[in-house]
Amino acid sequence: MEEKLKEKYMFCGEIGSGGSGKVFKAYDRHLQRLAAVKRFPAADAASERELRMLKELCHPAFPAVTDYIEEPEYKYLVMEYIEGKNLADHIREHGSVDQERAVKWALELADALLYLHERKCPVIYRDMKPANIIIDGKEHVRMVDFGTAFLRYQEGEATCAGGTWGYAAPEQFEKGGGKRVDERSDLYGLGATLFHMLTGCDPSRPPFLMQPLRSYDRRLSAELERIVRKATEPEREKRYANVRRMKQELENFGKADRLRRLAGNAVKAAYGAALAGAALFFLWSWAWIERLDSGPGGGMTEGEAYGIFGMYGLCGINRSAAEGRMLQAAVCILLLVIGKSAVTRWMSRGYRSVRQEKNVLLMVKSGKGLAIALVLGVLAAGRTGGGSVWAKDAAGYTQAGEEQDLFVIVRNGPGQKLLIRYDAEYPLSDTLKLELPLKNFEAGEHYELRLECINRETGAARSRTFYLKGVEP
């Protein structure tokens with residue numbers, strides 16, 4: 001560091017780095033407080049752009065700029081030091097963020113993007129992600145790292161691609177360096193960040209999925225699920241037109257959920273009334289036919305018939321007409337049942353693929369048949385020194401037979417399904433639950449299932465063997 005800089009600031013160490021420069025934690029000797037000092041190469045054009053941009057920005061979500069120093073090799077921008085933890089670390093330590101807090105933080109981020117987009121010279125941030133968001137001591141979010149941001153309408157500013165895979169919009173990686181990037185690209189990053197907060201699943205890591213929110217937790221808002229899905233549409237034209245529109249829907253998601261529930265209850269009530277009416281009409285038609293067939297000794301008089309069936313439009317009709325009306329009622333009941341099934345399947349169309357993905361294959365030498373759920377406490381072994389959990393059947397210990405795939409559903413402690421892939425490593429909750437479907441084992445057959453937990457760094461292993469028997473027919 002140059003002497004001039006050392007006289008005013010005492011550097012305490014590096015706190016971050018990126019493509020545009022390094023950030024140091026420093027102590028301001030004059031103001032007697034901590035500061036963040038970002039160092040830029042003096043001759044780098046991209047760094048100069050970021051430096052100029054940061055000096056112009058003034059918003060509560062961005063660190064305030066307090067000083068600027070130029071040296072022959074580097075330029076230094078001194079900013080407010082934000083005491084806190086970035087959102088990525090917060091989620092890693094505490095899991096998913098509760099819905100109300102996640103929406104509160106998303107609204108604060110939307111306000112910051114709105115400020116950037118509606119300036120006289122609009123700025124596209126391009127790198128919205130939890131690692132670039134700091135939660136300060138007052139539980140507010142602060143955005144840092146403008147290394148990939150650019151001025152919207154300045155010639156040549158969008159010629160280079162930038163962003164983080166999983167959070168950046170697809171157009172940011174298109175051939176040509178992201179010339180199609182605009183305000184809607186930042187909406188994608190905001191939607192992906194909200195998804196990460198609500199589910200605890202990082203879209204930038206395997207298996208690189210952003211499935212519907214309620215696939216992970218059915219308690220989450222259906223309206224929030226719709227908002228996140230619209231914000232993260234791969235096609236830019238299908239997203240919100242601007243941040244203001246998305247912000248309005250985030251502010252009103254609770255009201256929209258209440259309206260959705262009221263509409264759903266009204267539809268259910270109408271469906272129930274229609275089904276009950278059709279069933280009642282069917283039964284009364286059947287009763288009319290039974291009375292007509294009961295013979296002279298049991299037949300009804302005209303007055304009795306009118307009193308019982310007149311209000312249902314059945315009085316005075318013959319047997320064939322009554323049969324026709326009964327058939328109409330039966331068809332109506334059948335259509336109502338089929339219609340409900342079709343609507344239910346259409347409404348849940350986004351969840352079936354998730355359930356298929358949330359299976360992990362274990363190998364077992366077995367046939368088909370039994371149901372068993374194994375609740376396995378593997379926390380101690382799994383948390384040791386960054387260990388990874390994996391399981392396999394002791395195929396070598398079973399009797400010879402045709403080897404087949406055994407599908408196992410994996411859940412965490414609260415019972416939520418986990419998305420398991422062979423090429424990824426996942427953090428553990430307090431308990432890992434494996435469910436083996438009933439049809440995987442033959443009745444009366446005996447099986448031996450072995451679970452192994454190995455620390456990949458030390459090689460230390462723990463194992464447990466389970467002896468299974470199919471249920472007798």
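These figures come from a predicted structure and were not determined experimentally.

What counts, and where the lines are drawn
Residues numbered from 1 in each chain as written. Predicted model: local features only at pLDDT ≥ 70, side-chain atom pairs only at ≥ 80, totals over all residues. Heavy atoms only, no water. Helix = DSSP H or I, 4+ residues; strand = E, 2+ residues; numbered from the N terminus. Buried < 20%, exposed > 50% of the residue type's maximum accessible area, 1.4 Å probe, protein only. Areas by Shrake-Rupley, 256 points an atom, 1.4 Å probe, with all protein chains shown as cover. pLDDT = per-residue confidence, 0-100. Contact = heavy atoms within 4.5 Å. Pairing = 2+ DSSP bridges. Axes fitted to C-alpha atoms, helices over the stretch in contact; angles between N-to-C directions. Parallel < 35°, antiparallel > 145°, perpendicular 65-115°, else oblique. Left-handed = near helix turned anticlockwise from the far one by under 90°. Nonpolar A, V, L, I, M, F, W, Y, C, P; charged D, E, K, R; others polar. Phe/Tyr/Trp six-rings, centres within 6.5 Å; stacked < 30°, edge-to-face > 60°. Lys NZ or Arg CZ within 6 Å of the ring centre and 35° of its normal. Core = buried A, V, L, I, M, F, W, Y, C linked by side-chain atoms within 4.5 Å. Patch = residues over 30% accessible without salt bridge, like charges linked within 9 Å, V, L, I, M, F, W, Y side chains within 5 Å. Salt bridge = Lys/Arg side-chain N within 4 Å of Asp/Glu carboxyl O.

Caption draft 1: Spotlight on the overall build of the protein. The helix and strand tally for the protein stands at 12 helices and 17 strands. Counting only residues that meet the buried cut, the protein has 40% of its 473 residues in that class. Carbon and sulfur atoms provide 54% of the accessible area of the protein, an area that totals close to 25,900 Å².

Caption draft 2: Just the confidence of the model for the protein, in detail. Of the residues in the protein, 71% have a pLDDT of 70 or more, and the chain-wide mean is 76. Here residues 352-401 is modelled with pLDDT under 50, and outside its nearest four sequence neighbours on either side it reaches 144 contacts, counting other chains as well.

Caption draft 3: Spatial organisation of the side chain of Asn132. Within the element layout of this structure, Asn132 appears in the loop between strand 7 (123-124) and strand 8 (133-136). Residue Asn132 is classed as buried on the basis of its relative accessible area, which comes to 6%. Beyond its immediate stretch of four places on either side in the chain, Asn132 contacts Tyr125, Asp127, Arg142, Met143, Val144 and Asp145.

Caption draft 4: Region of interest: the sheet that holds strand 8. If you trace the 3 strands from one edge of the open sheet to the other, you get 6-8-9, paired in antiparallel fashion. Each edge of the sheet is formed by a strand with only one pairing partner; in this case those strands are strand 6 (84-86) and strand 9 (141-143). In this sheet, neighbouring strand axes are inclined to one another by 30 degrees on average, regardless of whether the strands run parallel or antiparallel. Pairing analysis gives 3 bridges linking strand 6 to strand 8, with the strands arranged antiparallel. By the bridge assignment, Asn86 is partnered in strand 8 with Ile134.

Caption draft 5: A look at the packing of helix 5 (residues 183-199) against helix 7 (residues 243-251). Where helix 5 meets helix 7, the closest approach of the two axes is 10 Å, and the angle between their N-to-C directions is 25 degrees. Looking at the two axes, helix 5 sits roughly parallel to helix 7. Taken as a pair, helix 5 and helix 7 cross one another with a handedness that is right-handed. Residues Leu187, Leu190, Gly191 and Leu194 of helix 5 form the contact with helix 7, whose participating residues are Val243, Met246 and Leu250. Here the residues of the contact of helix 5 with helix 7 are counted per class, giving 6 nonpolar, 1 polar and no charged.

Caption draft 6: Structural view of the packing of helix 5 against helix 6 (residues 222-231). Where helix 5 meets helix 6, the axes come as close as 8 Å, and the angle between the chain directions of the two elements is 140 degrees. Classified by the angle between their axes, helix 5 and helix 6 sit oblique to one another. Seen along the crossing, helix 5 lies across helix 6 with a hand that is left-handed. For the pair helix 5 and helix 6, contact is made by Leu187, Tyr188, Gly191, Leu194, Phe195 and Leu198 and by Leu224, Val228 and Ala231, respectively. Of the residues in the contact of helix 5 with helix 6, the class split is 8 nonpolar, 1 polar and no charged.

Caption draft 7: Up close: the packing of aromatic side chains. One pass over the structure, following the stated rule, counts 8 aromatic pairs. Between the aromatic rings of Phe11 and Phe24, the centroid separation amounts to 5.6 Å while the plane-to-plane angle is 85 degrees, which identifies the pairing as edge-to-face. Placement of Phe11 in strand 1 (residues 9-18) and of Phe24 in strand 2 (residues 21-28) is noted, with a sequence separation of 13 residues between them. Here Phe11 falls in the partly exposed class, since its relative accessible area comes to 22%. With centroids separated by 5.7 Å and ring planes inclined at 55 degrees, the aromatic side chains of Trp165 and Phe173 adopt a geometry described as tilted. For Trp165, a relative accessible area of 57% corresponds to the exposed category. For Phe173, a relative accessible area of 35% corresponds to the partly exposed category. Among the aromatic residues, those joined into a ring-pair cluster are Phe62, Tyr115, Tyr125 and Phe146. Over the aromatic face of Tyr68 sits the side chain of Lys55, whose NZ or CZ is 4.3 Å from the ring centroid.

Caption draft 8: Region of interest: the nonpolar core. Formed by 51 residues in total, the largest nonpolar core has its most connected members in Leu116, Met143, Phe146 and Met197. At 11 residues, the largest contribution of residues to this core is made by helix 4 (residues 99-117). Core analysis: the next-biggest nonpolar cluster, separate from the first, contains 12 residues, Val410, Leu434, Leu449 and Leu468 among them.

Caption draft 9: Broad picture of the pairing of strand 2. Pairing between strand 2 and strand 3 (residues 33-41): 7 bridges, direction antiparallel. Its bridge partner lying in strand 3, Tyr27 is registered against Leu34.

Caption draft 10: Fine view of a nonpolar patch on the surface. A grouping of Trp165, Phe173 and Phe208 is seen on the molecular surface, where their side chains present a nonpolar patch of about 350 Å² in accessible area. Within the secondary structure layout, Phe173 lies in the loop between strand 10 (150-151) and helix 5.

Caption draft 11: Structural context of the pattern of salt bridges. What the rule picks out here adds up to 24 salt bridges. Measuring nitrogen to oxygen at the nearest pair gives 2.9 Å for the salt bridge that ties Glu80 to Arg142. In this pair, Glu80 is assigned in strand 5 (residues 74-80) and Arg142 in strand 9, connecting sequence segments 62 residues apart. Residue Glu80 is classed as partly exposed on the basis of its relative accessible area of 29%. Classification of Arg142 by relative accessible area gives buried; the value is 8%. Via salt bridges that share partners, Asp182, Arg184, Arg236 and Glu237 belong to a single interconnected network.

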